[in-house]
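Architecture and fold: a report
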Amino acid sequence: MKKNIDLRSDTITRPSEEMRKVMYEAEVGDDVFKEDPTVNRLQGYAAELLGKEAALFVSSGVMGNQLCLNILTSPRDEVICEMDAHIFNYESGSPAVLSGIQLLPITGKYGVYTPEQAEPFIRPKSAYYMPTTRVIAIENTHNRAGGTINPISNIKGLGELARKHNLYYHMDGARIWNASVATGISVKEYASYFDTISCCLSKGLGAPVGSVIAGSKDLIDKAFRIRKAWGGGMRQVGILAAAGLYALQNNIPRLKEDHEKASMLASAISKNPNLEIDMNTVQTNILAFRPKNMSVEQSLEKLAQKGLILSSGKVGFLRAVTHLDVSFEEIEQAIKIFEEVFNK
Ligand SMILES: Cc1ncc(COP(=O)(O)O)c(C=O)c1O
């Protein structure tokens, strides 16, 4: 049977033979006692790569973001974020439940809001009846906006705003590796502007599980305690950390190929009269585009009948994500399927 081309997400990849080998051979211990040598190696490597004092291996991107928000805030605090942010739309309302805080979303352009937009939303210290603004959060690359990159000048500007108002600064860097490969700006430089960052190992980098968060030693010590309280203290988890370490050491530069694949697809989509894509959003490995001659649901069904599996993004949008388990040949086949489905 012909294999489907699955572009729903970069999370669908399966560990390669080499990755499975390092998992099999991983030296392990009890990580709740901080005695898993492979976890310790991964955390040390990630801290070094991100230029932070400490890093912590966590089960998922959501857990990473929520831990970071928790350690930076107290109940009744407020976090400024972008309207389409993952923390606002796709984390099950957890800031309210896990940390007793609320989010204040600002509508950005291409997932990016500016310091000028954010400053008026910072609550006056004297207003005791308002929530207390505590954190400025951004997402880079921005998933729902179509894998867009937050410009470094804007990142610096928001950092200055945070310092000016004595606020913390958090980055959901689930795909920071994609931003770094696309811009040539090191992940260390990106991370340097933030108090905390959360980065996924299980998306473009191809590990089966896990994220790392990074920050000062004090903050990460706090996160270690909260991770345990939330049931995230795992034991011989070096088997998973080995995959994450392999991913960090081997799979970052190849993200360039995923960006090339996305760009090939985007170029074909832009030429199709029945599809609409804003080429300004084509920056990394995620494409968000609209069908003009049928609904999103019909599009998904027709594409799937021909073996191309996509997902829906924000309302009215289709979403295609390139990754390491899809070849250039499959991208060419996907382009043919787009023509067959939409050029009628
Ligand atoms: C920007 C962003 N942050 C966080 C997450 C959450 O990651 P996970 O699915 O590992 O919890 C995702 C997942 O797609 C994401 O795109």
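Owing to the predicted nature of the structure, the values given are computational and were not obtained by experimental measurement. (Residues numbered from 1 in each chain as written. Predicted model: local features only at pLDDT ≥ 70, side-chain atom pairs only at ≥ 80, totals over all residues.)

**Brief notes about helix 1 (residues 17-25)**
To keep it simple, the criterion reads: Exposure classification rests on a simple neighbour count of other C-beta atoms within 10 Å of a residue's own: a residue reaching 20 or more is buried, one at 12 or fewer is exposed, and one in between is partly exposed. C-beta atoms are placed from the backbone. Helix numbering and strand numbering both begin at the N terminus, where a helix is a DSSP run of H or I of at least 4 residues and a strand a DSSP run of E of at least 2. Directions from the helix axis toward the C-beta atoms define the arc. Any residue pair is listed as a contact if its two C-beta atoms, each placed from the backbone, are within 7 Å.
Of the positions making up helix 1, those classed as buried are Met19, Val22 and Met23. Angular distribution of buried residues about the axis of helix 1 spans 105°; they occupy a single face of the element. Residues of helix 1 that are exposed and angled more than 90 degrees away from the buried face: Glu17, Glu18, Tyr24 and Glu25. Residues of helix 1 that are buried in the fold lie against helix 11 (238-250).

**Side note on the nonpolar core**
Note the cut-off: The term nonpolar core means buried Ala, Val, Leu, Ile, Met, Phe, Trp, Tyr and Cys residues held together as one set by C-beta atoms within 7 Å.
Among the nonpolar cores identified, the biggest contains 77 residues, and Ala55, Ile213 and Ala214 are the most heavily contacted of them. For this core, the leading source of residues is helix 11, giving nine residues. In this structure, Ile213 is in contact with Ala55, Leu56, Val58, Gly64, Leu67, Cys68, Thr196, Ile197, Ser198 and Ala223, ignoring residues within four places of it in sequence. Among the nonpolar cores identified, the runner-up in size contains 25 residues, and Ile277, Leu287, Leu303 and Ala320 belong to it.

**Some points on the sheet that holds strand 4 (residues 102-106)**
To keep things clear, this is the line we draw: When DSSP finds two or more bridges between two strands, those strands count as paired. Whenever a helix is involved, its axis is fitted only over the stretch in contact; in every case the axis is a line through C-alpha atoms, and angles between N-to-C directions fall within 0 to 180 degrees.
Spatially, seven strands are ordered 2-8-7-6-5-3-4 in an open sheet, and the strand pairing comes out mixed. A single partner strand is all that each edge strand has here, and the edge strands are strand 2 (54-58) and strand 4. Ignoring strand direction, the axes of neighbouring strands in this sheet form an average angle of 20°. Pairing analysis gives five bridges linking strand 5 (residues 132-139) to strand 6 (residues 168-172), with the strands arranged parallel. From the neighbouring strand, Ala137 faces strand 6, where its bridge partner is His170.

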